[in-house]
Structures are given as C-alpha cells and as structure tokens.
Amino acid sequence: MASGINLAVIPGDGIGPEVVAEGLKVLAAVLPSEVKLETATYDLGASRWHRTGETLPEAELERLKAHDAILLGAIGDPTVPSGVLERGLLLKLRFAFDHYVNLRPSRLFPNTPTPLAGRPDIDFVVVREGTEGPYVGNGGSMRTGTPAEVATEVSLNTAFGVERVVRDAFERAAARPAKKLTLVHKNNVLVHAGHLWKNTVDRVAREYPDIVVDYLHVDAATIFFVTQPERFDVIVTDNLFGDILTDLAAAITGGIGLAASGNINPTGAFPSMFEPVHGSAPDIAGTGKADPTATVLSVALLLRHLGYQAEAARIEDAVTADLAERDAATPRTTETIGDALAARVAN
Ligand code: IPM
Ligand code: MN
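None of these values were measured; they are calculated from a predicted model.

**With respect to the confidence of the model for the protein chain**
Note that predicted coordinates carrying low pLDDT should not be read in detail.
Inference 1: When pLDDT is averaged along the protein chain, the result is 97; 99% of the residues meet or exceed 70.
Inference 2: In the model output, the complex is listed with pTM 0.96 alongside ipTM 0.99.

**A short note on the nonpolar core**
Inference 1: Counting 87 residues, the largest nonpolar core has Val26, Leu71, Val127, Val299 and Ile315 as its most contacted members.
Inference 2: Element by element, the count of residues in this core is highest for helix H9 (residues 293-306), at 8 residues.
Inference 3: Taken together, domain 1 (1-97 + 262-347) and domain 2 (114-141 + 151-253) each give at least three residues to this core, which thus spans both.

**Concerning the domain arrangement of the protein chain**
Inference 1: According to the domain assignment, the protein chain consists of domain 1 (1-97 + 262-347) and domain 2 (114-141 + 151-253).
Inference 2: On a C-alpha basis, the centroid separation for the pair domain 1 and domain 2 is 25 Å.
Inference 3: At the junction of the two partners, domain 1 supplies 7 residues and domain 2 supplies 7 residues.
Inference 4: Ranked by residue count, the leading element in the side of domain 1 that touches domain 2 is helix H4 (residues 84-96), at 4 residues.
Inference 5: Looking at side-chain class alone, the side of domain 1 that touches domain 2 contains 4 nonpolar, 1 polar and 2 charged residues.

**Concerning the sheet that holds strand E11 (residues 260-264)**
Inference 1: With mixed pairing, 10 strands are arranged side by side in an open sheet as E2-E1-E3-E12-E11-E4-E5-E10-E8-E9. Each end of this open sheet is capped by a strand with a single partner; those strands are strand E2 (36-41) and strand E9 (212-217). On average, adjacent strands in this sheet sit at an angle of 25 degrees to one another, irrespective of strand direction.
Inference 2: Bridging between strand E4 (residues 101-107) and strand E5 (residues 123-129) involves 7 bridges; their strand directions are antiparallel. Within E5, the residue paired with Arg107 across the bridge is Asp123.
Inference 3: Packed on one face of the sheet, helix H6 (residues 191-205) meets strand E8 (180-185) and E9 and runs near 165 degrees to E8.

**What to know about unusual backbone geometry**
Inference 1: Located in the positive-phi region is Asp98, a residue other than glycine, with phi close to 50 degrees.
Inference 2: In this structure, Asp98 sits in the loop between H4 and E4.
Inference 3: Despite not being glycine, Arg143 has its phi angle at roughly 50 degrees, a positive value.
Inference 4: As for its position among the elements, Arg143 is in the loop between strand E6 (133-142) and strand E7 (150-156).

**Re the environment of Arg87**
Inference 1: Within the fold, Arg87 resides in helix H4.
Inference 2: On the neighbour-count criterion, Arg87 (14 C-beta atoms within 10 Å) is partly exposed.
Inference 3: The spatial distance from the C-alpha of Arg87 to the C-alpha of Val136 is 9.6 Å, given a sequence separation of 49 residues.
Inference 4: Those residues in contact with Arg87, other than ones at most four positions away along the chain, are Lys92 and Gly137.

**Topic: the UniProt feature "domain: Isopropylmalate dehydrogenase-like" (unreviewed entry) in the protein chain**
Inference 1: Within this numbering scheme, the UniProt entry marks residues 6-341 as carrying the feature "domain: Isopropylmalate dehydrogenase-like" (unreviewed entry).
Inference 2: End C-alpha to end C-alpha, residues 6-341 measures 22 Å, and it is 40% helix and 23% strand.

The rules we used
- Residues numbered from 1 in each chain as written.
- Chains lettered and ligands numbered in written order.
- Predicted model: local features only at pLDDT ≥ 70, side-chain atom pairs only at ≥ 80, totals over all residues.
- pLDDT = per-residue confidence, 0-100.
- Core = buried A, V, L, I, M, F, W, Y, C linked by C-beta atoms within 7 Å.
- Buried ≥ 20, exposed ≤ 12 C-beta atoms within 10 Å, placed from the backbone.
- Helix = DSSP H or I, 4+ residues; strand = E, 2+ residues; numbered from the N terminus.
- Domains from an automatic or database assignment.
- Contact = placed C-beta atoms within 7 Å.
- Nonpolar A, V, L, I, M, F, W, Y, C, P; charged D, E, K, R; others polar.
- Pairing = 2+ DSSP bridges.
- Axes fitted to C-alpha atoms, helices over the stretch in contact; angles between N-to-C directions.
- UniProt positions renumbered as here; feature names shortened; annotations may be inferred.

Following this line, the structure appears as structure tokens:
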C-alpha cells in the first residue's frame, strides 16, 4: 500500500464533473489522515476539443502515466461527432494503458428497484476484455456512401490477450465464495474467435479444479440475466459482448446510476482507470439530478485496486446503508447524496 495516492482526475463532459466532485469528496472523507491524497485535474473532453481540436495529446498521455490511478467522470457530447471522443480519448486511454481487464461488478442492493420479478439474489462480476475484439478499429469501408458500400469491423482476438484476461477472471472466481466462472461468447457462429476463447478457458480451468466452469452463448446469456441472474458469479467475455451485457446488468440492478467500473492493468505497468458505466447525460447536466453513486462505487474499486481494502469496504457499506434509506418519492440532489455518503464513511 502506498503512503499516499497521486490521482489523475478527468471530470470530462456533461454530468462528469458533478459526479466526480462527489466521488472525490467521499474519497477524501474515507482516507485516514496519514494517507496523503494528491490530485491533478486534466482538462480533456468536448470543451478541449472545441477549443483546440485535441482529444488526447501525447504530452498529456505521458503526464498521466505518472499517476497511481485515474478517476474519470464521463466523456461525450452531442456537439462532437460520434466516435471522436470515444475513440480519441476514452478508448485511447484504455488501449494506451493496456487496460485489459474491464471490471464491472453488479449487485442488487436492498431497497433498489429492479424490473425483474421478485428480488433475485444478484451478485456477479463481468470481466470484460478491454483491449481487443471489434474495438481495435480493424476494418474499413469501400465505395463509402454509395448503394454498393461494403464495411468491415474485424474482431481481433489473440492467444496472449485472451489468456491474460481469462486468467484474471479465474483468479477473481477463486477469491469469491461461489467459485463459478461463465464464459460468454457465440462460438456456434463466431467459430474462430469462439474456439480460441473456449479452448483457453478449458485449458486454464485444469489449473482451477475447485471452480465450476460454464459456457453460454451471448443471446442465451441475455435471457438468463433476466430470468435467472443468480446463476452468475464471474463472467468472462470479449469487449463487445461485455459492453452490451453490462448495460443489461446495470438495468437489472437499480439502473445505470449505480453501475461502477474499473479499467484495470493488473501488471501495474500503467495506471488503472475507474469510471461510472454511465455516460455524460447532457440532458440532465447542471440540474443536480445525476446520481453520483456509480462514481462513488468506482472510487471503492479504485481503493481496492490500490490496496485500501478497509476503506473500499467502508464506502460499499455506506452505499448499502444509503440505498436502504432511499425513498423514490423524494429524490435527492447529486450533492446531497455525496454529502450523505461522505458523512457515513468519515472517520
Ligand atoms: C462503456 C461505453 C464505451 C464502450 C463507449 C463510450 C466507447 O459504452 O464504457 O461501456 O463502448 O466501452
Ligand atoms: Mn457501454
């Protein structure tokens, strides 16, 4: 454990700065006084792009490398063409810092709404591959804009990339009580990549005889997310399937306002980055309606990653207690929720 935390903060666009402010408030409140928190704020996102045309200059990327971790709010704005900030900033960070584990836990907290019948016991974590798949930008288009246009978006899957994320998922499953790992893919159609994923899981599984291994096609997995979510413990899947499944996971566990994520480089070679799963929600920016809980839970993931287990647990307990007392009829502001959580975790 470091004696201090040198944190990079990228508030970003829309509600990003609002939720990040509350995340930092809770972080400052939970850390013991002997742990020094240093933060550096990076002006990246839509307004920087409008001003300078830059998304993520090399010099900023270099500066970011020196931090212990990155806290990111949200990236994206309707005034910027789709893909510019997503590719040029968010995905660039994930790829440049080799965030091959995109960790997205889902838990149904008491008293949180779910569209599912009954209150299933949901507690699983999606280990989404973060540096390969169809996200690599390997493709192109011919005869663009004509009726004869042809477009490809090729999914990249390497033995190296698949094995390292599969190993991480097995380690996480081994550390959890249910000890179950489900590979989600579509190997009845995507036979080449599906073969690599399935073979890798089967091979690594031999080193983990205590872990129950399951396989589901992604379409079937979406059914089970709704009809039987308690069957999942650790899910390992590729970048795109993981993107889609984790929005569904958020929807069944209280919504996107509670979904946290970590973009993790487990080797420590680069700083890991923590962010709420939700986007910049420009429609509610500045209204105080954004729920900062997803960011606060992302701060807990950040603390766990840096070795502050007790502090991470205090944040999660505070969120559990806060949610237990929430009353949907009397919504609270972003700041009120942040204040309440900060008060609960304070020493
Ligand atoms: C997410 C987002 C991103 C993704 C977009 C904004 C590039 O949807 O973090 O899930 O697809 O990974
Ligand atoms: Mn997504």
